[in-house]
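Here are the chains, one letter per residue:
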Amino acid sequence: MKTIIFAGPTLSGHPVMASRAFSWRPPAAEGDVYRAALKRPDAIALIDGRFENVPSVWHKEILWALSNGIAVFGAASMGALRAAELHPFGMIGIGAIYEAFRDGRYSDDDEVAVVHAPKEMHYRPLSIAMVDIRASLDAARKAGVVSPVVAGHVLRVAKQTFFKERNWDAILANPALSKMKREIATLRRWLVSHAVAQKRADALLLLDTLRGFRAMPAPPPFEFHSTVFWRALQGRHGG
């Protein structure tokens with residue numbers, strides 16, 4: 001059985017999505033990881049997940065998969081969040097975003113949240129994740145495109161912007177940055193070809209890791225306990 005991967009906006013339009021080396025699924029919601037685990041895949045990888053208008057992936061269904069000897073990986077987006085929360089229980093996190101959440105440098109869910117198009121449009125992202133904005137500004141600062149002061153101002157404006165409205169045009173046009181027009185104009189030109197897609201980079205690193213994966217590294221360090229809520233989820237999702 002192939003590795004099952006839940007992905008959407010993070011890898012939208014990338015040729016890797018056509019790879020038959022993996023079994024692709026859309027962004028995961030409640031019950032999806034559980035149903036995937038019922039198929040006994042070699043591994044499950046969570047990149048993108050659904051939220052807001054549907055229940056998100058439960059921690060418990062990831063723990064259930066782990067308790068059944070299925071390796072579960074996470075990176076880039078919802079996967080990075082869940083891996084940071086569950087790495088003490090054996091979930092395997094990959095990439096810079098996962099490490100930032102694990103180490104407490106990031107804590108807000110909106111760091112990875114984006115709004116995206118529907119399945120028919122291949123989940124194309126319609127906003128920019130805060131983690132990608134951070135990575136791009138850090139690269140611009142290191143390249144001497146903007147000063148640390150200006151980068152800090154842009155970062156604050158971006159963080160204060162609702163995640164669905166985060167895009168470079170809206171951020172850089174914010175009146176709070178009007179006194180920095182020269183550096184902002186330089187930054188805008190630089191971003192056209194140098195913006196950093198950290199979520200995508202972490203997702204691709206996860207795929208590289210999966211290509212070399214062979215077996216569950218070790219038994220999970222916990223005993224899974226069923227609850228009335230868990231049994232209700234099983235009932236809703238075919239268990």
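Quick caveat, the model's predicted, so the values are computed rather than measured.

**Let's talk about the pairing of strand S4 (residues 71-75)**
1) Next: The element S4 is largely enclosed, with a buried count of five among its five residues.
2) Next: In S4, alternate side chains face the same way, and those of Ala71, Phe73 and Ala75 on one face and Val72 and Gly74 on the other are all buried.
3) Next: Sheet analysis places strand S3 (residues 43-46) next to S4, joined by four bridges and oriented parallel. Counted as the bridge partner of Ala43 is Ala71 from S4.
4) Next: In this region the chain leaves S3, passes through helix H2 (residues 59-67) and returns to the parallel neighbour S4; the handedness of that crossover is right-handed.
5) Next: As defined by bridge partners, S4 adjoins strand S5 (residues 92-94) across three bridges and the pair is classed as parallel. Paired with Phe73 across the strands is Ile92, a residue of S5.
6) Next: Crossover S4 to S5 through helix H3 (residues 78-86) is right-handed.

Cut-offs and rules
- Residues numbered from 1 in each chain as written.
- Predicted model: local features only at pLDDT ≥ 70, side-chain atom pairs only at ≥ 80, totals over all residues.
- Heavy atoms only, no water.
- Buried < 20%, exposed > 50% of the residue type's maximum accessible area, 1.4 Å probe, protein only.
- Helix = DSSP H or I, 4+ residues; strand = E, 2+ residues; numbered from the N terminus.
- Pairing = 2+ DSSP bridges.
- Right-handed = clockwise from strand over helix to strand, strands pointing away.

Scope: geometric values only; no functional claims are made or implied.
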